[in-house]
Amino acid sequence: MLVLTCPYCGVAAEETELHAGGEAHLKRFGPGASDEDFTGYLFGRENPKGVHFERWLHANGCGKWFHAARCTATLELFGTYSAQLTEPPEPIRKAISAKRPGWRWREFS
Amino acid sequence: MSTRLTRAGRLIDPTRPLEFRFNGKRLRGFAGDTLASALLANDQMLVGRSFKYHRPRGIVASGAEEPNALVNMGAEGRFEPNQRATTTELFDGLSATSQNHWPSLEYDIGAINTHLARFLPAGFYYKMFIHPRPFWKHVYEPFIRQSAGLGRAPKARDADRYEHFYAHVDLLIIGGGVAGLQAALTAGRAGRRVLVIEQTPHWGGRAPVDGGEIDGQPTEAWIGDALAALSEMANVTLRNRTMGAGIYDHGYALGYERVSDHAPDGGDAPRHRLWRIRARHILSATGAIERPLSFAGNDLPGVMLAAAMRDYLVDYGVSPGDRTVVVTNNDDAYRTAIALKEAGLEVPVIADARDHATGPLAERARGMGIRVETGMGIAAVKGGKRVTGVALCAQAGEGAAREYVACDAVAMSGGWSPVVHFWSHCGGKLTWDRAGAMFRPDADHPPTGQDGLPMVTAAGAANGAMMLDACMADAVAQARLATIAAGGKARKTAPPEVECAAEQAIEPVWIMPQGAPIEARSKMWLDFQNDVKVSDVQLAAREGYESVEHTKRYTTLGMATDQGKLSNINGLAVLSDALNAEIPATGTTTFRPPYTPISLASLGGEAHGELFQPIRKTPIHDWGDANGADWEPVGLWRRAYAYPRDGETVEQAVAREVTNTRENLGLLDASTLGKIIVQGPDAGRFLDMLYTNMMSTLKPGRCRYGLMCSENGFLIDDGVVARIDDQTFLCHTTTGGAERIHGHMEEWLQTEWWDWKVYTANVTEQFAQIAVVGPNARKLLEKLGGMDVSPEALPFMAWADGQIGGFDIRAYRISFSGELSYEIAVPASQGRAFWDALMTAGQEFGVMAYGTEALHIMRAEKGFIMIGDETDGTVIPQDLGLDWAISRKKDDYLGKRAQVRSFMANPERWKLVGLETLDGSVLPDGIYAVGQGRNANGQANVIGRVTSTYHSPTLNKGIAMGLIQRGPERMGEVVEFARTDGGRIPARIVSPVFLDPEGERQNV
Ligand SMILES: [Zn+2]
């Protein structure tokens, strides 16, 4: 039962208030995309033991989507941030580097 | 025999006798007794039969770790199996029966299994029941089902009430022994919000039984002072009868409060209360559990844990036996011998497996005249349903009996294991303490919380600090750390002054004697409840089971309701020895919540019956109730399936409703239909992405039927979109889809196209919507009067705002039935009044309400698809012949790329067709069509299935829709459908539009 703070309304929300939305920062591929790109977009997902970026919906709250960075092994939370970003913001990346030096996730580090 | 002593126990109120029944026998106990202590006071040592061999079993422990004394409690709505007698408080009128025997506890047929033990080794079920295959279904499974499970499941509805309770605290302390109370004092004084939960009714744990002094006073007095001080603190909450059940992520914990188990006629109180706790930090002060020793016959009634025997003596004034042999590998059991002797009972011998016993406790026992034999173990316990004596032997040898000692009880102690469950639930690691012969929390690898810092601190005996002085010193040190972790400030303080006897080190002895032969090892029980013996674990090791997790499942060690509280460490030690490995290298099994079983009803809490989930009712619901509606759930809504009249069956009502709507006039409560407003400068662009069709070209005042797909290309919803003005659309969704589709819109707006200027609002419940359907529909609206509803003013697929009968309405000329139809929306508050007005004015036109089944039949007669019938998450619009609703002009929409994947474009896909049986009968729903030949598994090749099937009252025959391989290319062909009984039903492929293909009825 995680507790994540919604960056929109500021509520430290219990997992029962939230809805998990899978991996964050997927790039959409539409008509004209190659089979490989489109397959990767639909089905290719990271499965890390460690640093991960996820989408969460404050479903029984303000109704906003946001992003969370956390460790899948220890459930440590590195931070939550806006869903309207295509990559993790610098403060979040710094916070992760402080606790998991040398981390990598997709093209980010 | 076991009996009540004249000297009253510490917890007993001798002035309050209570009467109870065990297996129908009337017995007496006192207020303060547990069921176990009261049974022992009545010489009822035999309390049950073991699971596999039906061995007679007695009470072994005095607390939550008890494996044997499981009883059925109560009757009817309060019947509950597998209740531990040791944690059941006695009350007047209590009625319990023993389990797992037939015909009676004393004479049990199943006990024959004990003589077959040789043929029932570890893994027996896996080895035996594999062959021959047919035997499984007809012989083995019925046999196992008959014998499986302890107790019987209750049949009556639970008569009690249960509830949930939420608590947010800085520090949760699990365990109200001296360590827990000391920690509460520290954190409480630091101003932290503290919750202390204790599973028993009593505070202080076992310190008052074990003796010693804290701060110059007996432990019991210190506990009293601590409780008095804590009760003065407004920031500290103490809850007894509340067990820590489990610890979960980010400081979430469950407490299980047994509110009225001990006083079942306590009026309005719930029976159990589930505490759902969020704590900044958790301190585990859960104490330790004594381990049994493994010697032949250690499961006979009368063999008990030494400390449990001491508890019965001191707490309840009950002596489990008159002559007790004590067997031990540590000093603690000497306390039991001393207590027994002080109570005037006989202790013929203490058999100590260690080669010397020179500590103060041993000296004191000798001083009292108790014979102490070192280097000595038990070769065998003699007796049947009760211990009659023991054969002593050298611990170092192979069990040659040195001496026979008559006795009626044996007190055993194999040392103590810290209760590490709450340290381990969230991933805390353990370390093997060689000196203490125990696993204890590894402070370097604690469970961590949201911030990555330690989430749980262990203190006292739970942290491996077993003796009172060490325990209190550890409690003080850990309490400080826990207080700081909980956000408080705490200075280093000196531990209280503690007086307690020094103890000589334990000798890790796991089986007795060391070189016991196989006959003896086959009678040494590790897991009393699941009947797992030393020989079973050794056999598992010989058969190649090296992992403790595999051995557990192969032998069932530790898999019973006690989850191996007594057996795990002993079993692990035996396994390690058999594997020639160190104990820490073998490792432990996983500790999982709950600590002891908790009632399912407490997990449900108040969420049952009417409170299980909310029911959504339309503004017209009450009319349905008053007019015989046959309700069906659609999502959380209740919709009328049909409105049967006097003497009608539901089927007759459905047929009447269809016919009347087609011939006269029908009203449908369509209020549950989803209504989502999409507004903004980019609304058209947004809907073009969401729907397969072009919505941005829709003119204000017009409606368009649209399809929505997922990014996978699959159809997820459909409905009519109305353009309200240049920047505003109203999207109708399916009844079940409103929230989901609104969420789908928001997800794309928030996470992909966040710079598009669009707002959405789900206004489903703001409007009642009534479909006025049938040849007389326009006549009714014209009679009520108001806006122009003529075909010229309001043609098919148009909408208009206006007034009808004095109501402000919005009328949509859309039809899901194929008839002349107006769907009319009014503000929800006007819904019932408008419905009533339509009903009254419609009498002369033959108006009748119709329900969802009539709706379904009429749409199927017209070949209209239904989301969830024709779609199942694998169907694309092209499968349903809906290519006309897919725009070719758009560059993009959700699902467009997916729909050109090779599999989606495969001409072999199952596609929508109509189906008619040759004899006019109705095809079974979901039935599969079979083609030529067989597949690789020898099964008939499947070429399609029925998705909707009805008897059409209009056409007076069965009609169906289905998805058939290359279906539209096979018009007129007869295909066969396979019944579950092996029979085949031929049906002809036809157009899915059974009625009025030109649409002449609706377009008038
Ligand atoms: Zn929020």
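Our structure is the block above this text.
Residues numbered from 1 in each chain as written. Chains lettered and ligands numbered in written order. Predicted model: local features only at pLDDT ≥ 70, side-chain atom pairs only at ≥ 80, totals over all residues.

Let us now look at the overall build of chain A. Helix and strand content of chain A: 2 helices and 6 strands. In chain A, the succession of α and β elements from N to C terminus is β-β-β-α-β-β-β-α. For 109 residues, the compact-globule formula gives about 13 Å, and the C-alpha radius of gyration of chain A, at 14 Å, lands near that figure. Expressed as lengths along the three principal axes of its C-alpha atoms, the size of chain A is roughly 40 × 35 × 25 Å. Of all 109 residues assigned to chain A, the portion counted as buried reaches 26%. (Helix = DSSP H or I, 4+ residues; strand = E, 2+ residues; numbered from the N terminus. Rg over C-alpha atoms; globule rule 2.2 N^0.38 Å. Buried ≥ 20, exposed ≤ 12 C-beta atoms within 10 Å, placed from the backbone.)

Each helix and strand in chain B was counted, giving 24 helices and 52 strands. Dimensions along the principal axes, computed over C-alpha positions, put chain B at roughly 115 × 70 × 55 Å. Here chain B holds 1004 residues, and the buried ones make up 52% of them.

Time to look at the sheet that holds strand β45 (residues 821–827) of chain B. Residue and element names in this part refer to chain B. A sheet is described by the order of its strands in space; here 6 strands give the open sequence β43-β44-β45-β42-β36-β46, paired in mixed fashion. The strands lining the two open edges of the sheet, one partner per strand, are β43 (799–804) and β46 (847–849). Going from strand to strand, the sheet's axes swing by 30° on average, the running direction of each strand aside. As defined by bridge partners, β43 adjoins strand β44 (residues 807–812) across 6 bridges and the pair is classed as antiparallel. Bridging across to β44, W799 finds its partner in Y812. Along the sheet, helix α23 (residues 831–842) contacts β36 (665–669), β42 (767–773), β44, β45 and β46; its crossing angle with β42, the most-contacted strand, is approximately 15°. (Pairing = 2+ DSSP bridges. Axes fitted to C-alpha atoms, helices over the stretch in contact; angles between N-to-C directions. Contact = placed C-beta atoms within 7 Å.)

Residues and elements named next belong to chain B. Take G436: it is sitting in the loop between β28 (430–433) and β29 (438–441). A residue is classified by how many C-beta atoms lie within 10 Å of it, and G436, with 20 of them, is buried. Here the alpha-carbon distance between G436 and P508, two residues 72 residues apart in the chain, equals 8.4 Å.

This paragraph deals with the sheet that holds strand β47 (residues 910–917) of chain B. Residues and elements named next belong to chain B. In space, the 6 strands of this closed barrel follow the order β47-β50-β49-β48-β51-β52, with antiparallel pairing throughout. Geometrically, the sheet is characterised by an average inter-axis angle of 45° between neighbouring strands, direction not taken into account. Where strand β51 (residues 974–978) meets strand β52 (residues 984–990), 5 bridges bridge the pair, whose relative direction is antiparallel. Bridging from a neighbouring strand, V975 pairs with A987 of β52.

In this complex, chain B contributes 20 residues to the contact, which on the side of chain A involves 21 residues. Ranked by residue count, the leading element in the side of chain B that touches chain A is helix α21 (residues 738–751) of chain B, at 4 residues. Broken down by class, the residue content of the side of chain B that touches chain A amounts to 3 nonpolar, 7 polar and 10 charged. (Nonpolar A, V, L, I, M, F, W, Y, C, P; charged D, E, K, R; others polar.)

Here the focus is the packing of helix α22 (residues 777–784) of chain B against α23(B). Relative placement of two packed helices is described by the angle separating their axes and the distance separating the axes. All names here are of chain B. It is at 10 Å that the axes of α22 and α23 come closest, and there the two elements cross at 105°. For the element pair α22 / α23, the angle class is roughly perpendicular. Of the residues in α23, those touching α22 at L780, K783 and L784 are A837, L838, A841 and G842. Across the contact of α22 with α23, the residue classes break down as 5 nonpolar, 1 polar and 1 charged. (Parallel < 35°, antiparallel > 145°, perpendicular 65-115°, else oblique.)

Residue and element names in this part refer to chain B. The amide bond that connects M512 to the next residue, P513, takes the cis arrangement and shows omega of -5°. Following the sequence through the fold, P513 ends up in the loop between β31 (498–499) and α12 (518–521). A cis amide bond links P593 to the next residue, P594, at an omega of -5°. Positive phi values are uncommon outside glycine, yet T556 reaches one of about 70°. Its location among the elements puts T556 in the loop between α14 (548–555) and α15 (568–579). A residue is classified by how many C-beta atoms lie within 10 Å of it, and T556, with 22 of them, is buried.

Residue and element names in this part refer to chain B. Core analysis: the biggest nonpolar cluster contains 179 residues, and A183 and V410 have the highest contact counts within it. Among all residues touching V410, those that are not within four sequence positions of it are G302, V303, T324, V325, V327, V381, V387 and V390. Judged by nonpolar contacts, the second largest core, of 105 residues, contains C703, F767, L820 and I964. (Core = buried A, V, L, I, M, F, W, Y, C linked by C-beta atoms within 7 Å.)

Residue and element names in this part refer to chain B. Contact geometry of helix α7 (residues 306–316) with helix α8 (residues 332–342) gives a least axis separation of 8 Å together with a crossing angle of 35°. The element α7 and its partner α8 pack so that their crossing is left-handed. Here A306, A307, M309, R310, L313 and V314 of α7 come into contact with α8, specifically with D332, A333, R335, T336, A339 and L340. (Left-handed = near helix turned anticlockwise from the far one by under 90°.)

So, about α15(B). Residues and elements named next belong to chain B. Under the 1.5 Å per step criterion, the end-to-end length of α15 is 16 Å for 12 residues, consistent within 8% with the ideal 16 Å. Among the 12 residues of α15, 9 are classified as buried, and the element is accordingly described as predominantly covered. Among the residues of α15, those classed as buried are N568, I569, N570, G571, L572, A573, V574, L575 and S576. Next to the buried residues of α15 lie β27 (416–418), β29, β32 (525–527), α13 (534–542), α14 and α16 (583–586). With its phi angle positive at about 60°, N580 sits one or two positions after the end of α15. (Expected span 1.5 Å × (residues − 1).)

We now examine the environment of R152(B). You can see R152(B) is positioned in the loop between α3 (133–147) and β9 (162–174). In the structure, R152(B) is positioned 58 residues away from L94(B) in sequence and 19 Å away in space, judged by C-alpha atoms.

Let's shift gears to α8(B). All names here are of chain B. Burial analysis of α8 places 9 of its 11 residues in the buried class, the great majority of the element. Every buried residue belonging to α8 is among D332, A333, Y334, R335, T336, A337, I338, A339 and L340, and all of these are buried. Considering only its buried residues, α8 is in contact with α5 (207–210), α7, β20 (324–328), β21 (350–352), α9 (360–367) and β26 (409–413). Directly after α8, the chain includes G344, whose backbone phi takes a positive value near 85°.

Next up on the list: the pairing of strand β49 (residues 940–952) of chain B. Residues and elements named next belong to chain B. Looking at chain direction, strand β48 (residues 928–934) and β49 are connected through 4 bridges and run antiparallel. Each residue of the ladder has a partner; that of A929, found in β49, is G944. Counting the residues between successive antiparallel strands, the hairpin from β48 to β49 contains 5 residues, one of them, G938, with a positive phi of roughly 80°. Where β49 meets strand β50 (residues 957–965), 8 bridges bridge the pair, whose relative direction is antiparallel. Across the sheet, the residue bridging to H951 is G958, located in β50. Connecting β49 to the antiparallel partner β50 that follows it, the hairpin turn spans 4 residues, and N956 within it adopts a positive phi of roughly 55°.

Within the secondary structure, N47(A) is located in the loop between α1 (35–43) and β4 (51–57). C-alpha separation for the pair N47(A) and T5(A), spaced 42 residues apart in sequence, amounts to 23 Å.

All names here are of chain B. Alternating positions in strand β8 (residues 95–98) separate cleanly, A96 and S98 being buried on one face and S95 and T97 remaining unburied on the opposite face. Direction of pairing for strand β2 (residues 13–22) relative to β8: parallel, over a ladder of 2 bridges. Across the sheet, F22 pairs through a bridge with A96, a residue of β8. The sheet contact formed by strand β6 (residues 70–73) and β8 spans 3 bridges and is antiparallel. From the neighbouring strand, V71 faces β8, where its bridge partner is S98.

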